[in-house]
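In case you want the letters, here they are:
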Amino acid sequence: MSLLDNIDAAALGKVAVLMGGNSAERDVSLMSGSGVLQALRARGVDAHLFDPAYNDLGDLKRHGYQRCFIALHGRHGEDGTVQGALELLGIPYTGSGVLASSIAMDKIMTKRLWRAEGLPTPDWRLVASATETEQALQALGAPMIVKPAREGSTIGLTKVTDASQCAQAYALAARYDPEVLCEQFIDGDETTCPILGEAASAQALPVIRIEAPQGNYDYEHKYFTDDTQYHCPSGLPEAEEQAIQTLVVQAFRSVGCRGWARADIMIRASDRQPFLLEINTSPGMTGHSLVPMSARAAGISYEDLCLHLLAQASLDTPLPAQQPAQPATAQPGDIA
């Protein structure tokens, strides 16, 4: 797969790589952004670090940035808020727009949408207390996943196997989000699959099958150890791989994503049924990250992937070609 036809790096202008921010995933974002920044500069892009935790977003306009690569993760990075600010500033950005970003960040809203579209996702309950968490366990069965509704990187997640764990699991998840999601656990193969493109042109990259120690694919095993095994090619039967790729493109398009994303899927061991867990609209780009790994299997280098994503930067509402309207002036009778 070739992504670099007719991309003129110099024509992309002055680029801000947004990284860091103030979410619980700040450290991962800094690793992602540093990799992206180095890759873009290696391809001749005039790219600069921009950390919204220390810089006013208005500086993007004041300092002449012409597009943004969003390498932020979590709250205020991939939940539609930064995207909305960039829409108002008129600066094209990578990845999904305001609405799709907001929906995808909210696991409950995403699951509701997928269920309405007839796409398979595990059963769930939205809970507001430890008692309701215990009730969810009775309804969904053990084991059960308890996690914040609007966080990523498995932050605040607990795999509950007994009612005695419910109170602690709820408390941990509620530290990160008042909305806590209890989700039916799917026993089987853990996989993930990136998607590139938009609407009818969206296409899936190779599936990655994940083998974590004792099946515990937590924050530490995602980013800071080499104990987790990643299989790409996945080693799955060709029909299963293709079914997953078809499913993730449907999931991507149903949410309204564009540019890129990565969907996480569990394959139930008992009948090989795939289930969508969530879709990430600003996936990690660290040394342990999965989108670059899948892209390499498709013949796309990390640098080429970054340049392609940047070239696809856009706005929900494209800027008009005509000159901006004149500033509004007060009229007689206006209320001050």
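These figures come from a predicted structure and were not determined experimentally.

Trainee: So, the sheet that holds strand E4 (residues 124-127): which residues are in play, and what are the values?
Mentor: A sheet is described by the order of its strands in space; here four strands give the open sequence E4-E7-E5-E6, paired in antiparallel fashion. Both edges of this open sheet fall to E4 and strand E6 (158-160), since each of them pairs with a single strand only. Strand after strand, the sheet turns through a mean of 25° between neighbouring axes, direction not considered. As defined by bridge partners, strand E5 (residues 144-148) adjoins E6 across three bridges and the pair is classed as antiparallel. Bridge pairing in E6 places Met144 opposite Val160. Helix H5 (residues 107-116) contacts E4, E5 and strand E7 (180-184) of the sheet and is inclined by roughly 145° relative to E4. Strand contacts of helix H6 (residues 130-140): E4, E5, E6 and E7, with the helix running at about 170° to E4, the strand carrying the most contacts.

Trainee: Requested: an account of the environment of Ala42, with residues and values cited.
Mentor: Its location among the elements puts Ala42 in helix H1 (residues 26-42). In this structure the C-alpha to C-alpha distance between Ala42 and Leu307, which are 265 residues apart in sequence, comes to 9.8 Å.

Trainee: Could you give an account of the side chain of Asp59, with specific residues and numbers?
Mentor: For Asp59, the location among the structural elements is in helix H2 (residues 58-62). According to the relative accessible area criterion, Asp59 is buried, its value standing at 17%. In contact with Asp59, not counting residues within four places along its chain, are Phe50 and Tyr65.

Trainee: Can you break down the sheet that holds strand E3 (residues 67-70) residue by residue, with the values?
Mentor: Sheet architecture is open: three strands sit in the order E2-E1-E3, paired in parallel fashion. At either end of the open sheet lies a strand with only one pairing partner, and these are strand E2 (46-50) and E3. Averaged over neighbouring strand pairs, the angle between their axes works out to 30° when direction is ignored. Where strand E1 (residues 14-18) and E2 come together, five bridges link them in parallel fashion. Across the sheet, the residue bridging to Lys14 is Asp46, located in E2. Along the sheet, helix H3 (residues 81-89) makes contact with E1 and E3, crossing E3 at roughly 175°. Relative to the sheet, helix H11 (residues 302-311) contacts E1 and E3, its axis offset from that of E3 by approximately 130°.

Trainee: Tell me what's going on with the pattern of salt bridges, and back it up with residues and numbers.
Mentor: Summed over all chains, the structure comprises 16 salt bridges. Asp56 is the salt-bridge partner of Arg62, the closest N and O atoms lying 3.8 Å from each other. On the basis of relative accessibility, which here comes to 58%, the residue Arg62 falls in the exposed class. For Asp56, a relative accessible area of 48% corresponds to the partly exposed category. The partner of Asp177 in a salt bridge is Arg150, with the nearest N and O atoms 2.7 Å apart. Linking Asp177 in the loop between helix H7 (166-174) and E7 with Arg150 in the loop between E5 and E6, this pair joins segments that are 27 residues apart in sequence. Of the residues examined, Asp177 reaches a relative accessible area of 0% and is grouped as buried. On the basis of relative accessibility, which here comes to 25%, the residue Arg150 falls in the partly exposed class.

Conventions and cut-offs
Residues take numbers from 1 onward in each chain, read along the sequence in its written order. The predicted origin of the model limits local features to residues at a pLDDT of at least 70 and limits the giving and counting of side-chain atom pairs to 80 or more, whereas totals for whole chains, interfaces and linings rest on all residues. Only hydrogens and water are removed before side-chain values are computed, so all heavy atoms of the structure are retained for them. Here, any two strands with at least 2 DSSP bridges between them count as paired. Helix numbers and strand numbers start at the N terminus; a helix is a DSSP run of H or I with at least 4 residues, a strand a run of E with at least 2. All axes here are fitted lines through C-alpha atoms, helices being fitted over the stretch that makes contact, and every angle between N-to-C directions spans 0 to 180 degrees. Contacts are assigned to residue pairs with any non-hydrogen atoms lying within 4.5 Å of each other. Accessibility here uses a 1.4 Å probe with only protein chains present; expressed as a share of the type maximum, an area under 20% marks a residue as buried, one over 50% as exposed, and anything in between as partly exposed. Salt bridge, as used here, is a side-chain nitrogen of Lys or Arg placed within 4 Å of a carboxyl oxygen of Asp or Glu.

In short, geometric facts, not functional conclusions.
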